Number of protein chains: 2
Amino acid sequence: MGKAVSKKGEQPSVDKTNFETLNEFTGYHLKRATNMMMSDLNATLKPFELRLLSYTALVLIVDNPRIRMSQLAAAMDVERPNMVVIVDALESRELISRQRLETDRRAYALNITLAGRRLYEKATVAVRAHEERLTRQLDAQTRDKVIEAMKLIRKIGELRTHETYN
Amino acid sequence: MGKAVSKKGEQPSVDKTNFETLNEFTGYHLKRATNMMMSDLNATLKPFELRLLSYTALVLIVDNPRIRMSQLAAAMDVERPNMVVIVDALESRELISRQRLETDRRAYALNITLAGRRLYEKATVAVRAHEERLTRQLDAQTRDKVIEAMKLIRKIGELRTHETYN
DNA sequence: AAATATTGGTTATAAATCATAACTAATTAT
DNA sequence: ATAATTAGTTATGATTTATAACCAATATTT
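Please read all numbers here as calculations on a predicted model, not as lab measurements.

What counts, and where the lines are drawn
Residues numbered from 1 in each chain as written. Chains lettered and ligands numbered in written order. Predicted model: local features only at pLDDT ≥ 70, side-chain atom pairs only at ≥ 80, totals over all residues. Heavy atoms only, no water. Buried < 20%, exposed > 50% of the residue type's maximum accessible area, 1.4 Å probe, protein only. Helix = DSSP H or I, 4+ residues; strand = E, 2+ residues; numbered from the N terminus. Contact = heavy atoms within 4.5 Å. Phe/Tyr/Trp six-rings, centres within 6.5 Å; stacked < 30°, edge-to-face > 60°. Lys NZ or Arg CZ within 6 Å of the ring centre and 35° of its normal. Buried area = accessible area lost by both parts, 1.4 Å probe. Salt bridge = Lys/Arg side-chain N within 4 Å of Asp/Glu carboxyl O. Polar contact = N/O pair within 3.5 Å; in protein donor to acceptor, adjacent residues only side chain to side chain. Least-squares fit on C-alpha atoms with pLDDT ≥ 70 in both. Pairing = 2+ DSSP bridges. Axes fitted to C-alpha atoms, helices over the stretch in contact; angles between N-to-C directions. Parallel < 35°, antiparallel > 145°, perpendicular 65-115°, else oblique. Left-handed = near helix turned anticlockwise from the far one by under 90°. Nonpolar A, V, L, I, M, F, W, Y, C, P; charged D, E, K, R; others polar. Expected span 1.5 Å × (residues − 1).

Participant: Even after reading the chapter, I still don't get helix H4 (residues 69-76) of chain A, so can you show me in this structure?
Facilitator: Since there are 3.6 residues in each turn of an α-helix, residues three or four apart along the chain are aligned in direction. For H4 of chain A, a buried count of six out of eight residues is recorded, marking the element as mostly surrounded by other parts of the structure. Along H4 of chain A, the residues that are buried comprise Met69, Gln71, Leu72, Ala73, Ala75 and Met76 of chain A. Where H4 of chain A is buried, its residues touch helix H3 (52-63), strand S1 (67-68), helix H5 (80-92), strand S2 (96-100) and strand S3 (108-112) of chain A together with helix H2 (26-45) of chain B. Just past H4 of chain A, the residue Asp77 of chain A takes up positive phi, approximately 55°.

In structure tokens, the structure reads:
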């Protein structure tokens, strides 16, 4: 049997687009779902005037008090000049503070402020809801499997190219 | 018991960065692994002078002979003006051809050329190897589970925001 | 200890990516 | 016939990401 052919002659691609090759690629599905999630995440963060990167920075500063800018940049795989912009914005909103390190007077220790922590708490509630909403269909077990798979992919990839987190 | 504390006093974040909060988020792992894969994919495509979007366009044109530019743009979730650039580049390399449609003289039918198909074949061999390399650790069953999970996430998300494929 | 190299942070700027507005020509709807 | 919509295009703007060069401070070398 050949492939199904539409009755009305041959306008093969005017109706439904055929994704058969792309559908074979894991990377394609990953990219599509990730774009979806990131777009929804940014919408989720908008009310807090945060974005993927600024929220991620907040989280890492909460989890790593007195972290340095360069360590933060490395953790997020963001170029240092771009990190400056993110940190400036958070600091000018008084969500975080810069403190000169006594031990190394080149560097700053970044800390969350009270206002920063409050915003972090509220935003994180929203982010958890966003996560829950988008992964509701997955039972806990498949969710864990997915995460394990992602970790594996990352680990393998790290041996080759150098990933960035944008 | 409190959290573990390093012996040598309190420089909590000078050594290893703590990702505990981020690690809870499925989206975080998805984004990281996807960035990894996309970076490796682009490296894979570089020898063919193709990129994610131009390769994707090639694939879709192969799978959808006589597809129109606007349909292609919609399929890839790329703005039409940006699609023009991609198609121009492919056409100027004579990998695809534009043909005026007799039935609708505004539109073009895009087709793969012989050279285009050859490049497509070679690039796809490389892409499959890249996929195989990065997902080798996953047994077929988990790989399928991951893909199903991605489809679910996308479906849920589509009810809310509108994803883009970049 | 002096000279040199490296690091943390910064500025300026360039490159790359992505989105919007406005237009022509052709088609479809009123 | 007129109006509205669609396909493709151009020009351009906004956003995002990367690069080069610099200062001050620290670390390394000799």
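From this point, the discussion proceeds with the structure in view.
Participant: Would you take a moment to explain the packing of aromatic side chains for this structure?
Facilitator: A ring pair, where both rings are aromatic, is described by two values, the distance of the centres and the angle of the planes. Inspection of the entire model under this criterion finds two aromatic pairs over all chains. The ring of Tyr108 of chain A is capped by Arg98 of chain A, whose NZ or CZ atom sits 5.6 Å from the centre of that ring.

Participant: In this structure, what is going on with the interface of chain B and chain A? I would like to understand it.
Facilitator: Interfaces are frequently sized by the accessible area removed from exposure as the parts join. Contacts between the two partners involve 75 residues from chain B and, on the opposite side, 75 residues from chain A. Each partner contributes to the roughly 7100 Å² buried at the junction of chain B and chain A, and carbon and sulfur atoms together form 63% of this total. Linking chain B with chain A are four salt bridges. The closest approach of N and O atoms between Glu24 of chain A and Arg128 of chain B, which form a salt bridge, is 2.5 Å. Where chain B meets chain A, there are 21 residue pairs in polar contact (both at pLDDT 80 or more).

Participant: So what exactly am I meant to see when it comes to the relation of the copies chain B and chain A here?
Facilitator: What connects the two chain copies is a rotation about an axis and a shift along it. Under the fitted operation, chain B is carried onto chain A by 0.0 Å of movement along the axis and a turn of 180°, and the coordinates agree to an RMSD of 0.1 Å. Such a turn and shift between the copies fits a two-fold axis. Every residue of chain B has its C-alpha some distance from the rotation axis, and the shortest such distance is that of Val146 of chain B, at 2.9 Å. Here 100% of the contact residues of chain B are again contact residues in chain A; the copies associate through an equivalent surface.

Participant: Explanation requested: the sheet that holds S2 of chain A in the structure shown.
Facilitator: The strands that make up a sheet pair up through hydrogen bonds in the backbone, lying either parallel or antiparallel. Residues and elements named next belong to chain A. Read from one edge to the other, the open sheet built from three strands follows the order S1-S3-S2, with strand pairing classed as antiparallel. For this open sheet the edge positions go to S1 and S2, each flanked by a neighbour on one side alone. Each of S1, S2 and S3 touches H3; the most contacted strand, S3, lies at about 95° to it.

Participant: Where do I start with the pattern of salt bridges in this structure?
Facilitator: Close approach of charged atoms allows side chains with opposite charge to pair. Following the criterion strictly, the structure yields 26 salt bridges over all chains and no others. Between Arg98 of chain A and Glu91 of chain A there is a salt bridge, with the nearest N and O atoms lying 3.1 Å from each other.

Participant: Explain the side chain of Thr21 of chain A to me, please; I cannot follow it from the model alone.
Facilitator: Relative to the assigned elements, Thr21 of chain A resides in helix H1 (residues 20-23). Residue Thr21 of chain A is classed as buried on the basis of its relative accessible area of 6%.

Participant: Any chance you could explain the packing of helix H7 (residues 140-158) of chain A against H2 of chain B here in plain terms?
Facilitator: The angle between the axes and the distance between the axes are what describe a pair of packed helices. The contact between H7 of chain A and H2 of chain B brings their axes to 9 Å, and the two run at 30°. Here H2 of chain B runs roughly parallel to H7 of chain A, going by the angle between their axes. Crossing of H7 of chain A against H2 of chain B: the hand is left-handed. For the pair H7 of chain A and H2 of chain B, contact is made by Arg143, Val146, Ile147, Met150, Lys151, Ile153, Arg154, Gly157 and Glu158 of chain A and by Thr26, Tyr28, His29, Leu30, Arg32, Ala33, Met36 and Met37 of chain B, respectively. Classifying every residue of the contact of H7 of chain A with H2 of chain B by side-chain character gives nine nonpolar, three polar and five charged.

Participant: Is there a simple way to explain helix H2 (residues 26-45) of chain A in this structure?
Facilitator: Between its first and last C-alpha, H2 of chain A extends 28 Å over 20 residues, near the 28 Å set by a 1.5 Å rise per residue. With 17 of its 20 residues buried, H2 of chain A lies for the most part within the structure.

Participant: Honestly, the packing of H7 of chain A against helix H7 (residues 140-158) of chain B in this entry has me stumped. Any pointers?
Facilitator: As a packed pair, H7 of chain A and H7 of chain B sit with axes 10 Å apart at the nearest point and diverge in direction by 110°. Taken together, the axes of H7 of chain A and H7 of chain B lie roughly perpendicular to each other. The segment H7 of chain A lies against H7 of chain B, with Thr142, Lys145, Val146, Ala149 and Met150 of chain A engaging Thr142, Lys145, Val146, Ala149 and Met150 of chain B.

These results come straight from atomic positions and should not be treated as a statement about function.
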